[in-house]
Amino acid sequence: MDQSSSLSRIDWVAQSCRLLVATAAEFRGTKPFAGLTIGTGIHLEPKTVALLMTLRAGGASLVCTGNLNSTQPETVDYLRARGIKVFATQTRDADEHGASLDVILAEKPDLLLDNGGDLFARAADKPYPSLLGGTEETTSGRTRLLPMRDRLNMPILVINDSPIKQFAENRHAVGQSLFESYLRFTNRSTNGKRVTVFGYGACGKGTAACFRNAFSAVSVVDIDPVTTLEAHLDGFTTPLREAAIRSADILVTVTGYPNIITVADLPLIRDGAILMNGGHFPHEIDVEAFRSSLEVAGIDRYEAEHIETVRMRDGRAFHILGGGHMANLAGPRPLGNTVESMDLGFTLQARCLERVAKGGLGSEACVIPVPADIDAVVASAYLDLAR
Ligand SMILES: NC(=O)c1ccc[n+]([C@@H]2O[C@H](COP(=O)([O-])OP(=O)(O)OC[C@H]3O[C@@H](n4cnc5c(N)ncnc54)[C@H](O)[C@@H]3O)[C@@H](O)[C@H]2O)c1
């Protein structure tokens, strides 16, 4: 052995993003972003590094910030060490985060890569003529930007509205990572456990399937009877809500709506049950109301594990993972969704930014889904690597 080196998780993730690695190699030749600055406002974590380095390979200058509460300092250090301008701190303070967004926009980037609409909403208030358009990653960003279309009046492609994002991330990756999170937090088995999944949308389908494949007996509760029928025909049991809670050893919420499990359900929860949430906001399991309920005798905390045990006055106890936050981004060593799912989504990002940079879209493309031909190119590239 003549040479060896010590590599980080960021390096591991970067070389695992095979589509982005291939896209970066192409961009080094084609330079779609030559002379352009891209302003980014997206979680600063290892998978994002692979995307940002791909954009830079395409000739872009980058000015980057993160989202509220998700900036990872090692990622910031890694990017700065490679000469990328980063204005971000790990903060829950909206004003502090807003100041970072202002710094990005003060640089007047030609393109924006947004996550949640933070940058475009500010650009709608303070427009500047050189802004060509860009991308938005999320559903919540799309909802926020749609009413601003008249003021934005530029191409903005919404990555979440690609079928690839829907099935690669929501359906497949979220299920896997919630399942992985259950094991990671608890070190407990899934075999023979009765699991109830609330919500049988894209994320719920993957979650239910992953636990079933790990030898659990899985029930599904969905507010929509048509979706519940689908779960039934997919072979899951579909008891009424109350029976589904009573029977569950593990309860998982993935609906996107608040108050799925509330204090009114406390009498139903089985002794020893484990509760976890995969929905975006920490409001699906009303943990705050549990804390002040008169039925609760006390709460014990396993601090390092991010597990709370709620002790009931009647002698039962149950456990909550990660305070009811998205479990795959909470707890010890949170990894989020798989590299492959993010590699697909971020390659859509890179291709969409390339399309906007090339000037192929007009203002009628303001807040629209990823163009179908880009979906097809990205899907083919992934399949080619897999064959
Ligand atoms: N953890 C992650 O990494 C991750 C990734 C993507 C999405 N998400 C989040 O997961 C959540 C679900 O996303 P999705 O794509 O599956 O949404 P979806 O709209 O496809 O599915 C939601 C399902 O929940 C059902 N539902 C709504 N209210 C309910 C209730 N009171 N009881 C039972 N079922 C109810 C709906 O009928 C629907 O079938 C969202 O909050 C989304 O932002 C999380």
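Residues numbered from 1 in each chain as written. Predicted model: local features only at pLDDT ≥ 70, side-chain atom pairs only at ≥ 80, totals over all residues.

An unreviewed UniProt entry annotates the protein chain as S-adenosyl-L-homocysteine hydrolase NAD binding domain-containing protein originating from Rhizobium freirei PRF 81. Heading Sequence similarities (unreviewed entry) of the UniProt record for the protein chain holds this comment: "Belongs to the adenosylhomocysteinase family." UniProt annotates the protein chain under Cofactor (unreviewed entry) with the comment "NAD(+)". (UniProt positions renumbered as here; feature names shortened; annotations may be inferred.)

A.B. asks: Hey, could you run me through the overall build of the protein chain in this one?
C.D. replies: Tallying secondary structure elements over the protein chain gives 15 helices and 14 strands in all. For 387 residues, the compact-globule formula gives about 21 Å, and the C-alpha radius of gyration of the protein chain, at 22 Å, lands near that figure. Each principal axis of the C-alpha distribution contributes one length, and for the protein chain these read about 65 × 50 × 45 Å. Here the protein chain, with 387 residues, has 48% of them falling under the buried criterion. Considering only contacts within the protein chain whose residues lie at least 6 apart along the sequence, 65% involve residues at least 24 apart. (Helix = DSSP H or I, 4+ residues; strand = E, 2+ residues; numbered from the N terminus. Rg over C-alpha atoms; globule rule 2.2 N^0.38 Å. Buried ≥ 20, exposed ≤ 12 C-beta atoms within 10 Å, placed from the backbone. Contact = placed C-beta atoms within 7 Å.)

A.B. asks: Could you clarify how one ought to interpret unusual backbone geometry in this entry?
C.D. replies: Trans peptide bonds make up the majority, and among non-glycine residues the majority have a negative phi. Here Phe215, not a glycine, exhibits a phi torsion of approximately 70°, which is positive. Secondary-structure assignment places Phe215 in the loop between α10 (202-213) and β8 (217-221). Using a count of 11 C-beta atoms within 10 Å as the deciding quantity, one classes Phe215 as exposed. At Asn259, a position not held by glycine, the phi torsion is positive, near 55°. Judged by the 15 C-beta atoms lying within 10 Å of it, Asn259 is partly exposed.

A.B. asks: What am I meant to see in the site of the ligand here?
C.D. replies: The environment of the ligand is formed by 26 residues, the closest being Gly199, Gly201, Cys203, Gly256 and His280. Classifying every residue of the shell around the ligand by side-chain character gives 11 nonpolar, 12 polar and three charged. (Near = placed C-beta within 6 Å. Nonpolar A, V, L, I, M, F, W, Y, C, P; charged D, E, K, R; others polar.)

A.B. asks: Where do I start with helix α2 (residues 18-30) in this structure?
C.D. replies: Helical periodicity: at 3.6 residues per turn, an α-helix aligns residues three or four positions apart in one direction. Over its 13 residues, α2 extends 19 Å from the first C-alpha to the last, a length consistent with the 18 Å expected when each residue adds 1.5 Å. Among the residues making up α2, those that are buried are Leu19, Leu20, Thr23, Ala24 and Phe27. Taken around the axis of α2, the buried residues stretch over an arc of 130°, which confines them to a single face. Those residues of α2 that are exposed and angled more than 90 degrees off the buried face are Ala25 and Gly29. Elements in contact with the buried residues of α2: α3 (46-57), α14 (339-357) and α15 (372-386). (Expected span 1.5 Å × (residues − 1). Arc of directions from axis to C-beta.)

A.B. asks: Which parts of the structure should I look at to understand the pairing of β8?
C.D. replies: When a strand is regular, its side chains alternate between the sheet's two faces. The element β8 is extensively covered by neighbouring structure, given that four of its five residues are classed as buried. Looking at chain direction, strand β7 (residues 194-198) and β8 are connected through five bridges and run parallel. When the bridges of β8 are listed, Val195 appears paired with Val218. Handedness of the β-α-β unit built from β7, α10 and β8 comes out right-handed. (Pairing = 2+ DSSP bridges. Right-handed = clockwise from strand over helix to strand, strands pointing away.)

A.B. asks: Looking at this structure, I do not really get the packing of α14 against α15. What am I missing?
C.D. replies: The interhelical angle for the contact between α14 and α15, taken along N-to-C directions, is 135°, at an axis separation of 10 Å. Between α14 and α15, the angle falls in the class oblique. Between α14 and α15 lies a crossing of right-handed hand. Across from Leu344, Thr347, Leu348, Arg351, Cys352 and Arg355 in α14, the residues of α15 making contact are Ile374, Val377, Val378 and Tyr382. Here the contact of α14 with α15 is built from residues that sort into seven nonpolar, one polar and two charged. (Axes fitted to C-alpha atoms, helices over the stretch in contact; angles between N-to-C directions. Parallel < 35°, antiparallel > 145°, perpendicular 65-115°, else oblique. Left-handed = near helix turned anticlockwise from the far one by under 90°.)

A.B. asks: What's the story with the sheet that holds strand β3 (residues 85-86) in this structure? I'm lost.
C.D. replies: Whether parallel or antiparallel, the strands of a sheet pair through hydrogen bonds between backbone atoms. Taken together, seven strands build an open sheet; the order of strands is β3-β2-β1-β4-β5-β6-β14 and the sheet is parallel. Strands at the two margins of the open sheet, each flanked by one partner only, are β3 and β14 (366-369). In terms of strand pairing, strand β1 (residues 37-41) meets strand β2 (residues 61-65) through five bridges, oriented parallel. Residue pairing for β2: Gly41 is matched across the bridge by Thr65.

A.B. asks: So what exactly am I meant to see when it comes to the packing of α2 against α15 here?
C.D. replies: A pair of packed helices can be characterised by two numbers: the angle between their axes and the separation between those axes. Taken N-terminus to C-terminus, the directions of α2 and α15 make an angle of 110°; their axes are 10 Å apart at the nearest point. Here α15 runs roughly perpendicular to α2, going by the angle between their axes. In this structure, α2 crosses over α15, and the sense of that crossing is right-handed. On α15, the residues that touch Arg18, Leu19 and Ala22 of α2 are Ala381, Tyr382 and Leu385. For the contact of α2 with α15, the per-class residue count stands at five nonpolar, no polar and one charged.

A.B. asks: For this particular structure, what's the right way to read the UniProt feature "domain: S-adenosyl-L-homocysteine hydrolase NAD binding" (unreviewed entry) in the protein chain?
C.D. replies: Listed under "domain: S-adenosyl-L-homocysteine hydrolase NAD binding" (unreviewed entry) in the UniProt record, and renumbered for this structure, are residues 170-334. The span residues 170-334 shows a helical share of 31% and a strand share of 22%, and its end C-alpha atoms are spaced 17 Å apart.

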